[in-house]
Amino acid sequence: MSAPHLMNADLHCHSNVSDGTLTPEAVAQRAHGNGVELWALTDHDEVGGQHRARAAAHALGMDYLTGTEISVTFADKTVHIVGLGFDPDDPDLVQGLAATRGGRERRARDMADDLARVGIPGAFEGALKYVGNPDLISRTHFARYMVEIGVCGDPHEVFRRYLTEGKPGFVPHRWARLGDAVKWITGAGGVAVVAHPARYDFSPNEEYALFTEFKGHGGVGVEVVTGSHTAAEYQRYADVAREFDLLASRGSDFHDPTESHTDLGTLPDLPGTVTPVWEALAHRILRA
Ligand code: AMP
Ligand code: MN
Ligand code: MN
Ligand code: MN
């Protein structure tokens, strides 16, 4: 095992239990093959893959932390909160996630109706072909379908031209409240981490409010090194972690071998100035 900072921990990625394309077992294989020593599968609003992920990790001799990524609405924007090291069978967590997932089908039908208005019919059925978990239809599945039918060349182009605020196919949605998401995670024995903070387009005041309220609810971590951050943003959020006294996390946000620009386990190490979140989670790590 490496020194804490240098450990190859990948604590953010997706399987086909949410909007990734690989099974939990295949994600485990890929993580292990890339040298990951501590792994967490963090499917959106779902813990349905946790027992499989843990079993697959242990079969490979890899340590495991339970994980999820909860969709939250904060200051009228969507924020993602990663939960790590919780009991995946905790009833309040399981129920909270089910409620958070609940509106996805209605939203998807409304998205498809809006896309039909700009000449893209059949998108609900088209997106469904890519869905591994009928409870979890996401914009990613729409993006894959829109690439399939040639509307766009790749999923990133889809998110530039469609499915985002002000663009066709965008349907505003109210996700979980920040305080509830943090409470479900911590109530189940885990720790809450703000995912990819540079992605939110918040003003400095809004970002300050996010971290302040997050801490007030009992949140303890922030992603510093993620596939969604530039090198300059690693530094910036390492500073934020110190300013707010937050633990730092590291995760690729891997979804698919061809779509994802960051592969499992290949990110730079956390800067030496921060405390890795896994140091506080030693008692929650499920050892192989
Ligand atoms: P949803 O939870 O249905 O709103 O879908 C959110 C998912 O869409 C994220 O977790 C990403 O996987 C994907 N996504 C969002 N924005 C982008 C983007 N600009 N490029 C590629 N994928 C994106
Ligand atoms: Mn995703
Ligand atoms: Mn996210
Ligand atoms: Mn993610």
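Report on the accompanying structure. What you see is a predicted model, and the numbers here were worked out from it, not measured in a lab.

1. A look at the packing of helix α4 (residues 104-117) against helix α6 (residues 139-148)
- Relative orientation of the contacting elements α4 and α6 amounts to 35 degrees, with a least axis distance of 11 Å. Pair α4 / α6 crosses with right-handed handedness. Across the interface between the two elements, Arg-107, Ala-108, Met-111, Ala-112 and Leu-115 of α4 pack against Arg-139, Phe-142 and Met-146 of α6.
- Its residues assigned to classes, the contact of α4 with α6 shows six nonpolar, no polar and two charged.

2. Some words on the sheet that holds strand β6 (residues 176-177)
- Strand order in the open sheet formed by six strands is β6-β4-β5-β7-β8-β9, and the pairing between neighbours is mixed. At either end of the open sheet lies a strand with only one pairing partner, and these are β6 and β9 (247-251).
- Judged from the eight bridges that link them, strand β4 (residues 67-74) and strand β5 (residues 77-84) form a sheet pairing that is antiparallel. Residue pairing across strands places Gly-67 opposite Leu-84, the latter belonging to β5.

3. Quick look at the coordination of the manganese ion (ligand 2)
- Within the first shell, the manganese ion (ligand 2) binds the protein through Asp-19 (OD), His-44 (NE2) and His-255 (NE2), at distances of 2.1 to 2.2 Å.
- The sequence pattern describing where the donors of the manganese ion (ligand 2) fall on their chain is D-x24-H-x210-H.
- The manganese ion (ligand 3) is placed at 5.6 Å from the manganese ion (ligand 2). With a gap of 236 residues between them, Asp-19 in the loop between β1 (9-10) and α1 (24-33) and His-255 in the segment after β9 connect regions that are remote in the sequence. Of the two residues, Asp-19 and His-255, neither departs from the other in class, the shared state being buried.

4. Comments concerning the coordination of the manganese ion (ligand 3)
- Ligation of the manganese ion (ligand 3) by protein atoms is provided by Glu-69 (OE), His-80 (ND1) and His-196 (NE2), these donors lying 2.1 to 2.2 Å from the ion.
- Each donor residue of the manganese ion (ligand 3) lies on the same chain, and together they follow the pattern E-x10-H-x115-H.

5. Quick look at the side chain of Asp-253
- Relative to the assigned elements, Asp-253 resides in the segment after β9.
- Arg-199 provides the closest opposite charge to the buried, unpaired Asp-253, separated from it by 4.0 Å.
- Reaching out from Asp-253, the side chain makes a polar contact with the side chain of His-14 at a distance of 3.0 Å.
- In contact with Asp-253, other than residues within four places in its own chain, are His-12, Cys-13, His-14, Glu-69, His-196, Arg-199, Ser-228 and Ser-260.

6. Observations regarding the site of ligand 1
- As a structural note, the neighbourhood of ligand 1 is formed by Asp-19, His-44, Arg-104, Arg-107, Ser-138, Arg-139, Thr-140, His-156, Phe-159 and His-255.
- His-44 has a polar side-chain atom sitting 2.9 Å from an oxygen atom of ligand 1.
- Here an oxygen atom of ligand 1 and a side-chain polar atom of Arg-139 are 2.8 Å apart.
- With respect to the pocket detection grid, ligand 1 is positioned in the largest pocket.
- Elements with a contribution of two residues or more to the shell around ligand 1: α4, α6 and α7 (155-161).
- Split into classes, the residues belonging to the shell around ligand 1 amount to one nonpolar, five polar and four charged.

7. Quick word on helix α9 (residues 204-216)
- For α9, spanning 13 residues, the distance from its first C-alpha to its last is 18 Å, which sits close to the expected 18 Å at 1.5 Å a residue.
- Of all the residues in α9, the buried ones are Glu-207, Leu-210, Phe-211 and Phe-214. Axial view of α9: buried residues confined to an arc of 85 degrees, hence all on one face. Among the exposed residues of α9, those oriented more than 90 degrees off its buried face are Asn-205, Tyr-208 and Gly-216.

Basis of the calculations
- Residues numbered from 1 in each chain as written.
- Chains lettered and ligands numbered in written order.
- Predicted model: local features only at pLDDT ≥ 70, side-chain atom pairs only at ≥ 80, totals over all residues.
- Heavy atoms only, no water.
- Axes fitted to C-alpha atoms, helices over the stretch in contact; angles between N-to-C directions.
- Helix = DSSP H or I, 4+ residues; strand = E, 2+ residues; numbered from the N terminus.
- Left-handed = near helix turned anticlockwise from the far one by under 90°.
- Contact = heavy atoms within 4.5 Å.
- Nonpolar A, V, L, I, M, F, W, Y, C, P; charged D, E, K, R; others polar.
- Pairing = 2+ DSSP bridges.
- Donors = N, O, S within 2.8 Å, 3.2 Å for Na, K, Ca; no water.
- Buried < 20%, exposed > 50% of the residue type's maximum accessible area, 1.4 Å probe, protein only.
- Lys, Arg positive; Asp, Glu negative; His and termini not counted.
- Salt bridge = Lys/Arg side-chain N within 4 Å of Asp/Glu carboxyl O.
- Polar contact = N/O pair within 3.5 Å; in protein donor to acceptor, adjacent residues only side chain to side chain.
- Near = heavy atom within 4 Å.
- 1 Å grid on protein atoms, 1.4 Å probe; cavity = no way out; pocket = protein on both sides within 12 Å on 5 of 7 lines; lining within 4 Å.
- Sits in = over half its atoms within 2 Å of the grid points.
- Expected span 1.5 Å × (residues − 1).
- Arc of directions from axis to C-beta.

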